[in-house]
Amino acid sequence: FFFKQKTAYEIRPRDWSSDVCSSDLWSGGGTISLSGGTRERLRCRANHAIGKDHKSLTLNIRCASDSHRFDLSSSVVERRGQIFGRWTETSNNVSGSINGRAVGNRIQAVAQSDSFSAGLSVSTDGNRQSVSITPQGVFITGVHIALCKR
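Remember, it's a predicted structure, so these values are computed and weren't measured experimentally. Here the residue numbering is sequential within each chain, running from 1 through the sequence in written order. In keeping with the predicted nature of the model, local features appear solely for residues at pLDDT of at least 70, side-chain atom pairs appear and are counted solely at 80 or more, and the whole-chain, interface and lining totals rest on all residues. Hydrogens and water are ignored here; the side-chain numbers use all heavy atoms of the structure.

Asks: What should I look at first to understand the overall build of the protein chain in this one?
Replies: The secondary structure content of the protein chain amounts to 0 helices and 10 strands. Secondary structure of the protein chain in N-to-C order comes out as β-β-β-β-β-β-β-β-β-β. Note on contacts: a residue pair is in contact if any heavy atoms of the two residues lie within 4.5 Å. Taking all contacts inside the protein chain whose residues are at least 6 apart in sequence as the whole, residues at least 24 apart take part in 46%. We get accessible surface area from the Shrake-Rupley algorithm with a probe of 1.4 Å; when it comes to residues, only the shown protein chains can shield them. Summed over all atoms, the accessible surface of the protein chain reaches about 7300 Å², with 46% contributed by carbon and sulfur. Working definition: helices are DSSP H or I runs of at least four residues, strands are E runs of at least two. Numbering for both runs from the N terminus.

If you want it as structure tokens, here you go:
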């Protein structure tokens, strides 16, 4: 999960064994916080698809502010509460791995590439989803997104 100028973000589904997030469109917004204290509003759209086995998730999310944007795709698999997979951010041509835990309606994970790392937290409650991203060592200090199922 990556932002323009090397920043990451996260997304996570509510309950992998439920069809709450299956193949639906989400939209919403939030904020991107930059070192130096600047904050910008984000506008976002997302699409989630849970595999037929209810153990895999494909995610596409696109967000933009006045000066930043990202177009992220990820594919993860869940085994015994552990998640792992790959992510790609096409605006910056960056990709990497994602690893973490899925418990109930929450996902806690770390997205990494050769030069980047970010903590990810996603929680889903019905038709609402909250996403927080905490990049390490880059000028973006945080991303917070609230999405609603359309």
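Asks: I keep staring at the side chain of serine 65 and nothing clicks. Help me out?
Replies: Note that serine 65 resides in the loop between strand S3 (56–64) and strand S4 (69–79). Polar contact is defined as a pair of N or O atoms within 3.5 Å, subject to the rule that within protein one atom must be able to donate a hydrogen and the other to accept it, and that residues adjacent in sequence are counted only when both atoms are side-chain atoms. In terms of polar contacts, serine 65 uses its side chain to reach the side chain of glutamate 40, at 2.6 Å. A polar contact is formed between the side chain of serine 65 and the backbone nitrogen of serine 67, at a distance of 3.3 Å. Every residue in contact with serine 65, bar those within four places of it in the chain, is listed here: Ile32, Glu40, Arg41, Leu42 and Arg43.

Asks: Which parts of the structure should I look at to understand the side chain of histidine 68?
Replies: Relative to the elements of secondary structure, histidine 68 occurs in the loop between S3 and S4. For each residue, the accessible area found with a 1.4 Å probe, counting protein chains only, is set against the maximum for its type, and the residue is called buried under 20%, exposed over 50%, and partly exposed in between. With relative accessibility at 6%, the residue histidine 68 sits in the buried group. Among the polar contacts made by the side chain of histidine 68, one reaches the side chain of serine 67 at a distance of 3.0 Å.

Asks: What exactly am I supposed to notice about the state of the cysteines here?
Replies: Simply put, the disulfide is a covalent bond whose two ends are the sulfur atoms of two cysteines. Cysteine sulfur atoms are paired as a disulfide whenever they come within 2.5 Å of each other. Applying the stated criterion across every chain yields a total of 1 disulfide. One disulfide bridge connects cysteine 44 with cysteine 63, the sulfur atoms lying 2.1 Å from each other. Disulfide cysteine 44-cysteine 63: torsion about the S-S bond near 115°, hence right-handed. Taken together, the positions of cysteine 44 in strand S2 (residues 39–50) and cysteine 63 in strand S3 put the pair 19 residues apart, joining distant regions of the chain. An identical accessibility class is assigned to cysteine 44 and cysteine 63; each is buried.

Asks: In this structure, what is going on with the environment of serine 33? I would like to understand it.
Replies: Secondary-structure assignment places serine 33 in strand S1 (residues 24–34). For the pair serine 33 and threonine 134, spaced 101 residues apart in sequence, the C-alpha to C-alpha distance is 9.8 Å. Each residue touching serine 33, except ones within four places of it in the same chain, is listed here: Thr38, Arg39, Phe139, Ile140, Thr141 and Gly142.

Asks: For this particular structure, what's the right way to read the pattern of salt bridges?
Replies: Side chains bearing opposite charge may pair, as long as their charged atoms lie close to each other. Basic side-chain nitrogens of Lys or Arg form a salt bridge, by our definition, when they fall within 4 Å of a carboxyl oxygen of Asp or Glu. A complete count under the given rule lists 2 salt bridges for this structure. With a shortest N-O distance of 3.0 Å, glutamate 78 and lysine 55 are connected by a salt bridge. Here the residue glutamate 78 occupies a position in strand S4, and lysine 55 occupies one in the loop between S2 and S3, the gap between them amounting to 23 residues. Between aspartate 71 and arginine 62 there is a salt bridge; the shortest N-O distance is 2.8 Å.

Asks: Could you clarify how one ought to interpret the sheet that holds strand S7 (residues 106–113) in this entry?
Replies: Sheets are built from strands that pair by backbone hydrogen bonding, the pairs being arranged parallel or antiparallel. Taken together, 10 strands build a closed barrel; the order of strands is S1-S2-S3-S4-S5-S6-S7-S8-S9-S10 and the barrel is antiparallel. Averaged over all pairs of adjacent strands, the angle between their axes in this sheet comes to 20°, without regard to strand direction. A pair of strands is considered paired only if DSSP assigns at least 2 bridges between the two. Geometry is summarised by axes, namely lines fitted to C-alpha atoms with helices restricted to the contacting stretch, and by angles between N-to-C directions that run from 0 to 180 degrees.

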